[in-house]
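As a plain string of letters, each chain reads:
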2 protein chains.
Amino acid sequence: MEKQFVAQIADIESDFPQWFTDVVIKTKLVDYGPVKGTMVIRPYGYAIWENIQNEFNTRFQANGYENAYFPLLIPMSFMTKEAEHVEGFAPEVAVVTHAGGEKLQEPLCVRPTSETIIGTMFGKWVESWRDLPVRMNQWANIMRWEKTTRPFLRTSEFLWQEGHSVFATAEEAETETQKMLEVYEEFAKTCLSMPVLTGRKTEKEKFAGAVATYGMEAMMHDGKSLQSGTSHYLGQNFSKAFDIKFTDKDGAQKYGYTMSFGVSTRLIGALIMTHGDQRGLVLPPVVAPVQVVIVPIAMKKEGVLENCRALANRLKTAGIRVKIDDSDNSPGWKFNEWEMKGVPVRIELGPRDIEAGKMLVCRRDTFEKNEVEMDNAETKIAALLGEIADNMYEKAKERMQKRIVDVKTLDELLSAVDQGNFVRAGWCGCRECEDKVKAFAQATSRVMDKAHTAKSCISCGKEAKHTVFFARAY
Amino acid sequence: MEKQFVAQIADIESDFPQWFTDVVIKTKLVDYGPVKGTMVIRPYGYAIWENIQNEFNTRFQANGYENAYFPLLIPMSFMTKEAEHVEGFAPEVAVVTHAGGEKLQEPLCVRPTSETIIGTMFGKWVESWRDLPVRMNQWANIMRWEKTTRPFLRTSEFLWQEGHSVFATAEEAETETQKMLEVYEEFAKTCLSMPVLTGRKTEKEKFAGAVATYGMEAMMHDGKSLQSGTSHYLGQNFSKAFDIKFTDKDGAQKYGYTMSFGVSTRLIGALIMTHGDQRGLVLPPVVAPVQVVIVPIAMKKEGVLENCRALANRLKTAGIRVKIDDSDNSPGWKFNEWEMKGVPVRIELGPRDIEAGKMLVCRRDTFEKNEVEMDNAETKIAALLGEIADNMYEKAKERMQKRIVDVKTLDELLSAVDQGNFVRAGWCGCRECEDKVKAFAQATSRVMDKAHTAKSCISCGKEAKHTVFFARAY
């Protein structure tokens, strides 16, 4: 039984894409929707998303953001008001042409992002410098018609949050762009135990309509990069297109400066591919739907279930998300199932443990098992969950750092990315050289390093204007 | 200044529709979206929705429901699998015909409700009696193309929750249908201070595809009814259309029995029109975004703001949602604004109050003002919020009960609904008589009374099979 269980997941080293598919489907995080490219987020996956939402809501609120909700459908004419924006998104939009039994006068886009519609409303609401800054966030479904899709990573419809704000000055909007990127980075570390690289994106990789895009990139198990969050400084591009004007203290009418930022259900893909192992998911404790599973041993014996329930109640009271698996399956089957589902801590509790006033505590991240005294169980388990989160972060960080390679030639670059590394290299700043790297090594520029250390461009050899992280990416 | 403030809201008695529009727009609950019939839910309105969501999540979880997320787009062919269902919803759907720059092979509906797509997934997931019951809930945006729209009450796009479950037997599914209606009724009472009538809907008014629909109806300020939540027993209609089959304990393949239930952002409209008065909103304390507003008096005087902040912190610690209005506006302006915004409790705190160790506590529901000792402020305010919730409920209940009139003839019925009443009358059960009531008095059957007391049909005079509540409705 146990062997069968493990064997159902493809080999993580030799077939990582299949491993990912096996894991997300078999752990019931997600299923394929009937329309090509769509996904159904099942309860176990959605609970992770809800935990992510809660953590972000706390952070956004602390930064002055209020949640709101804007319409799904955007008139096609709005999209075209910002020239770069429509060029970037038009190929991906889904279009409603008929509604209520009639053909619509103007086709409506299903939002691929909401700068245009939120910009329109901001243009209506903002009048005076007293109204600024405006900071709003929305949790919503988004549609981008993609040719190649994979659950969580790239789907026609996904869930996300998008923050949008308006400031009186460029400096404030630029500072906010950085600040929200830092919020993302701190979240990734604290809540997903996931180290990231952050920095500015090149012109080629920036958001359609932005002045500058900043991103965070995470290294997946196979050494490929996953863009996990972006923050855009939009300058006055959208305020001019959508007439977001205010009367300043000096009485003059001025355009505001806007920025936006977003993360999506892709983060669930990111945490899976950062931490997973051959047995399945390894969930970061902060967002795990079940943090502790209690498996009763010799369940039918008197007092076993009662003791499991008493322990569960103690943990619950301490704010720990705990589940008792009192199903008919064998303990071995349960161990495998909950390991596959990535629950950070398993507690085994049987008659002998109970008699000795102990429990067997098993970590998902290291497979360590320890007999632990029952006294202060809640404090010990809470501390252990913190320790697991830290260990998962350190392990992932060590891997990422080991696999960042400085290279000086395209051949070195190709060889390094072939071996699953990120590379750091100089870049002259021209589009041709960026394209050449991609053509040569199927690697794209991820972010520019804040520390500019490289001397010459990896491609043309001229003076490097930036030091860039290149990688293959999802 | 104060006069101006009040004057901006239309008269609640003589022009209730305009009063509603004025209130929802001026309190910044909502704004009109650019696409006809859509709304933007602004932060003050969205915060109410989030409080509603939290309250429901607790209740749904206690009843075994797990949240999940299903795709927005439904293949047109799914809609047609249940004959009545497609007939009911086809005229209202918005249709995506193009995506990714191409015409789609099959047009896709933007979900008007999700029985068909969730049914399809349940059909895939349910195999054995061990998989039952299935209980899932989703929070989602819904689109129904309506000709006449009003913010919160009827919009092309709205937010809702839809619960869907599958059981092995008809009895279980029927019991669940009732149980979730009771959850709605308890929620309306506890969280919205809103009394409702509940009962079965007539065939004419039931959900397209249901065996039976149960609804809750609330009486608005003008005596019209607002359908505020529905629970549908779907029998095997959807399980047969979507192949939701299971192997029972006896080894036989059987179709499951399904039910579904939903409430929407319409509830925000319901609470506004139940409790509002000439000064604006009167928000039920449980879902009010701000439960207590503290208005500093002589704000610039030493110690005033500090004392306001200390009080706010005490209330916050006790779990009360509190805000200090330290803006530059005059106290009078602030009183009016927060009254319009419906904040249940206003606390005025000035130098004399502080010296006396007191605060002036003002209720939004009764306009009572009391000097209250600062000791145990948090306990007193928490108790007062409970008292306000109860009082709002009792007041609304008394109004509703007074305005339910038993009638025996169509003339009596017309006269009663003209005066803003609900009527209770006998009905033979035939569609013609139901239609006749509507044609004669523009009143529709809302729900059937659980206590069947009427003797003869209001329309044809034959024996009454049901006692029905008729009313004009939103």
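Placed above this text is the structure.
Computed from a prediction, not measured in an experiment: that's the story for all the values here.

Q: Is there a simple way to explain the overall build of chain A in this structure?
A: The number of helices and strands found in chain A is 15 helices and 23 strands. Along the first, second and third principal axes, the C-alpha set of chain A runs to 80 × 55 × 50 Å. Put simply, chain A has 474 residues, and 60% of those count as buried. Contacts in chain A between residues far apart in sequence, at least 24 positions, make up 68% of those at least 6 positions apart. Carbon and sulfur atoms make up 48% of the accessible area of chain A, which amounts to about 19,000 Å² in all. Each charge class in chain A was averaged separately, 61 positive and 65 negative side chains, and the resulting centres sit 2 Å apart.

Q: Would you take a moment to explain the relation of the copies chain B and chain A for this structure?
A: Here two copies of a chain appear, and what relates them is a rotation about an axis with a shift along it. Expressed as a screw operation, the relation of chain B to chain A combines 0.0 Å of axial shift with a rotation of 180°, fitting to an RMSD of 0.0 Å. Those values place the two copies in the arrangement expected of a two-fold rotation axis. The rotation axis passes nearest to the C-alpha of Val96(B) in chain B, at a distance of 2.1 Å. Taken together, the interface assignments show that 100% of the residues at the interface of chain B recur at the interface of chain A, consistent with an identical surface on both copies.

Q: What am I meant to see in the pattern of salt bridges here?
A: Two side chains carrying opposite charge are able to pair once their charged atoms lie near each other. For the structure shown, the criterion picks out 54 salt bridges over all chains. A salt bridge links Arg59(B) to Glu55(B), with the nearest nitrogen and oxygen atoms 2.8 Å apart. Residue Arg59(B) and its partner Glu55(B) are both found in helix 3 (residues 43–62); the two are separated by 4 residues, about one turn of the helix. Counted as one network, the salt bridges with shared partners bring together Arg279(A), Glu339(A), Arg346(A) and Glu348(A).

Q: Sorry if this is basic, but what is going on with the nonpolar core here?
A: The nonpolar side chains of a soluble globular protein tend to be buried, and buried together. In terms of nonpolar packing, the biggest core is built from 86 residues, with Ile52(B) and Ile272(B) touching the most fellow members. Top element by residues in this core is helix 7 (residues 170–192) of chain B. It accounts for 9 residues. Setting aside chain neighbours within four positions, we find Ile272(B) in contact with Trp19(B), Phe20(B), Val23(B), Val24(B), Leu29(B), Phe152(B) and Leu281(B). Grouped together as the second largest cluster of nonpolar side chains are 64 residues, Ile142(A), Phe167(A), Ala188(A) and Phe261(A) included.

Q: Before we go on, may I ask you to explain helix 3 of chain B in this structure?
A: An α-helical segment advances 3.6 residues per turn. Residues three or four places apart therefore align on the same side. Here helix 3 of chain B contains 20 residues, and its C-alpha end-to-end distance of 28 Å stays within 8% of the 28 Å for a straight helix at 1.5 Å per residue. Trailing helix 3 of chain B by a residue or two, Gly64(B) shows a phi angle of about 90°, which is positive.

Q: When you look at the sheet that holds strand 18 (residues 358–363) of chain A in this model, what are you seeing that I'm missing?
A: The pairing of strands in a sheet happens through backbone hydrogen bonds and is either parallel or antiparallel. All names here are of chain A. Spatial strand order, 16-15-17-18-19: 5 strands in an open sheet with mixed pairing. Each of the sheet's edge strands pairs with one partner strand only, and the pair in question is strand 16 (322–324) and strand 19 (369–373). Each adjacent strand pair in this sheet contributes to an overall mean axis angle of 25°, direction not counted. Relative to strand 17 (residues 345–349), strand 15 (residues 292–296) runs parallel, the two being bridged by 5 bridges. Across the sheet, Ile-294 pairs through a bridge with Ile-347, a residue of strand 17. Together, strand 15, strand 16, strand 17 and strand 18 form the strand contacts of helix 10 (residues 304–317), whose direction differs from that of strand 15 by roughly 170°. Sitting on the sheet, helix 13 (residues 377–402) is in contact with strand 15, strand 17, strand 18 and strand 19, with an inclination near 15° to strand 18.

Q: Looking at this structure, how should I read the interface of chain B and chain A?
A: Frequently, the measure chosen for interface size is the accessible area removed from exposure when the parts meet. Each partner contributes to the interface: chain B provides 53 residues, whereas chain A provides 53 residues. Interface area for chain B against chain A, summed over the two sides, is near 4,100 Å², with a carbon-plus-sulfur share of 64%. Of all residues in chain B, Pro34(B), Pro43(B) and Tyr69(B) bury the most surface against chain A, accounting for 15% of the area lost on that side. The closest approach of N and O atoms between Lys124(B) and Asp31(A), which form a salt bridge, is 2.9 Å.

Q: How should the packing of helix 3 (residues 43–62) of chain A against helix 7 (residues 170–192) of chain A be read in this particular structure?
A: Any two packed helices are characterised by how steeply their axes cross, that is the angle between the axes, and by the distance between the axes. Residues and elements named next belong to chain A. Here helix 3 crosses helix 7 at 140°, and the two axes come no closer than 11 Å. Compared by their axis directions, helix 3 and helix 7 come out oblique. Pair helix 3 / helix 7 crosses with right-handed handedness. In this structure, helix 3 uses Ile-52, Glu-55, Phe-56, Arg-59 and Phe-60 to contact helix 7, whose residues at the interface are Met-180, Val-183, Tyr-184, Glu-186, Phe-187, Thr-190, Cys-191 and Leu-192.

Q: Even after reading the chapter, I still don't get the pairing of strand 15 of chain A, so can you show me in this structure?
A: Side-chain direction in a regular strand flips from residue to residue, so the side chains alternate between the two faces of the sheet. All names here are of chain A. Taken across its 5 residues, strand 15 has 5 buried, putting it largely inside the fold. With burial as the criterion, each face of strand 15 is covered, one bearing Val-292, Ile-294 and Pro-296 and the other bearing Val-293 and Val-295. Direction of pairing for strand 15 relative to strand 16: parallel, over a ladder of 3 bridges. Each bridged residue has a counterpart across the sheet, and for Val-293 the counterpart in strand 16 is Lys-323. With respect to chirality, the unit in which strand 15 leads through helix 10 into the neighbouring parallel strand 16 is right-handed.

Q: Would you explain the side chain of Ser225(A) in this entry?
A: All names here are of chain A. Tracing the sequence through the fold places Ser-225 in strand 11 (residues 225–235). In this structure the side chain of Ser-225 is engaged in a polar contact, spanning 2.6 Å, whose partner is the side chain of Glu-217. Setting aside residues up to four positions removed in sequence, Ser-225 forms contacts with Glu-217, Ala-218, Phe-422, Arg-446, Ala-471, Arg-472, Ala-473 and Tyr-474.

Q: Which parts of the structure should I look at to understand the sheet that holds strand 6 (residues 102–110) of chain B?
A: Pairing within the open sheet is antiparallel, and its 6 strands lie in the order 4(A)-6(A)-5(A)-5(B)-6(B)-4(B). The two strands at the open ends of the sheet, each matched to only one other strand, are strand 4 (73–75) of chain A together with strand 4 (73–75) of chain B. Between one strand and the next, the sheet's axes are offset by a mean angle of 45°, whatever the strand orientation. Bridge count between strand 5 (residues 94–99) of chain A and strand 6 (residues 102–110) of chain A: 4 bridges; the pairing is antiparallel. Bridge pairing links Ala99(A) to Glu102(A) in strand 6 of chain A.

Q: Any chance you could explain the packing of aromatic side chains here in plain terms?
A: Think of a pair of aromatic rings as described by two things: how far the centres are apart, and how the planes are tilted against each other in angle. With the rule as written, the count across this model stands at 30 aromatic pairs over all chains. One aromatic cluster is present, built from ring pairs that chain together Phe56(A), Phe60(A), Tyr65(A), Tyr184(A), Phe187(A) and Phe261(A). Sitting over the face of the ring of Trp129(B), Lys249(B) holds its NZ or CZ atom 4.7 Å from the ring centroid. The lysine or arginine in question, Lys341(B), covers the ring of Tyr44(B), its NZ or CZ lying 4.4 Å from the ring centre.

Q: What's the story with the environment of Ser445(B) in this structure? I'm lost.
A: Residues and elements named next belong to chain B. Secondary-structure assignment places Ser-445 in strand 22 (residues 444–448). Ser-445 sits in the buried class, given a relative accessible area of 2%. Sequence spacing of Ser-445 and Glu-182 is 263 residues, and the spatial spacing of their C-alpha atoms is 20 Å. At 3.2 Å, the side chain of Ser-445 forms a polar contact with the side chain of Thr-202.

Q: Please clarify how unusual backbone geometry should be interpreted in this entry.
A: The phi angle of most residues is negative, glycine excepted, and most peptide bonds adopt the trans form. The residue after Leu132(A), namely Pro133(A), is reached through a cis peptide bond having omega -10°. The residue Asn376(B) is not glycine, and still its phi comes out positive at about 55°. Among the structural elements, Asn376(B) can be located in the loop between strand 19 (369–373) and helix 13 (377–402). Positive phi outside glycine occurs at Gln442(B), with the angle close to 50°. Checked against the element boundaries, Gln442(B) lands in the loop between helix 15 (431–441) and strand 22.

Q: Help me understand helix 11 (residues 331–340) of chain B in this model?
A: In terms of burial, helix 11 of chain B is largely enclosed, as 9 of its 10 residues are buried. Where helix 11 of chain B is concerned, the buried positions are Gly332(B), Trp333(B), Lys334(B), Phe335(B), Asn336(B), Glu337(B), Trp338(B), Glu339(B) and Met340(B).

Q: Got a minute to help me understand the packing of helix 14 (residues 410–418) of chain B against helix 15 of chain B in this structure?
A: Residue and element names in this part refer to chain B. The geometry of helix 14 relative to helix 15 is characterised by a closest axis approach of 10 Å and an angle of 50° between their N-to-C directions. What the angle tells us is that helix 14 and helix 15 run oblique. Of the two possible hands of crossing, helix 14 and helix 15 adopt the one that is right-handed. Residue-level inspection shows Leu-410, Asp-411, Leu-413, Leu-414 and Val-417 of helix 14 in contact with helix 15, the latter providing Lys-436, Val-437, Phe-440 and Ala-441. Considering only residue class, the contact of helix 14 with helix 15 consists of 7 nonpolar, no polar and 2 charged.

Q: Looking at this structure, I do not really get the pairing of strand 18 (residues 358–363) of chain B. What am I missing?
A: Residues and elements named next belong to chain B. Where burial is concerned, most of strand 18 is hidden: 5 out of the 6 residues are buried. With 4 bridges joining them, strand 17 (residues 345–349) and strand 18 adopt antiparallel strand pairing. Across the sheet, Arg-346 pairs through a bridge with Cys-362, a residue of strand 18. Inspection of the sheet shows strand 18 paired to strand 19 by 5 bridges, in the antiparallel sense. Each bridged residue has a counterpart across the sheet, and for Met-359 the counterpart in strand 19 is Val-372. Connecting strand 18 to the next strand, strand 19, in antiparallel fashion are 5 residues, including Phe-367 with a positive phi near 65°.

Rules behind the numbers
Residues numbered from 1 in each chain as written. Chains lettered and ligands numbered in written order. Predicted model: local features only at pLDDT ≥ 70, side-chain atom pairs only at ≥ 80, totals over all residues. Heavy atoms only, no water. Helix = DSSP H or I, 4+ residues; strand = E, 2+ residues; numbered from the N terminus. Buried < 20%, exposed > 50% of the residue type's maximum accessible area, 1.4 Å probe, protein only. Contact = heavy atoms within 4.5 Å. Areas by Shrake-Rupley, 256 points an atom, 1.4 Å probe, with all protein chains shown as cover. Lys, Arg positive; Asp, Glu negative; His and termini not counted. Charge placed at Lys NZ, Arg CZ, Asp CG, Glu CD. Least-squares fit on C-alpha atoms with pLDDT ≥ 70 in both. Salt bridge = Lys/Arg side-chain N within 4 Å of Asp/Glu carboxyl O. Core = buried A, V, L, I, M, F, W, Y, C linked by side-chain atoms within 4.5 Å. Expected span 1.5 Å × (residues − 1). Pairing = 2+ DSSP bridges. Axes fitted to C-alpha atoms, helices over the stretch in contact; angles between N-to-C directions. Buried area = accessible area lost by both parts, 1.4 Å probe. Parallel < 35°, antiparallel > 145°, perpendicular 65-115°, else oblique. Left-handed = near helix turned anticlockwise from the far one by under 90°. Right-handed = clockwise from strand over helix to strand, strands pointing away. Polar contact = N/O pair within 3.5 Å; in protein donor to acceptor, adjacent residues only side chain to side chain. Phe/Tyr/Trp six-rings, centres within 6.5 Å; stacked < 30°, edge-to-face > 60°. Lys NZ or Arg CZ within 6 Å of the ring centre and 35° of its normal. Nonpolar A, V, L, I, M, F, W, Y, C, P; charged D, E, K, R; others polar.

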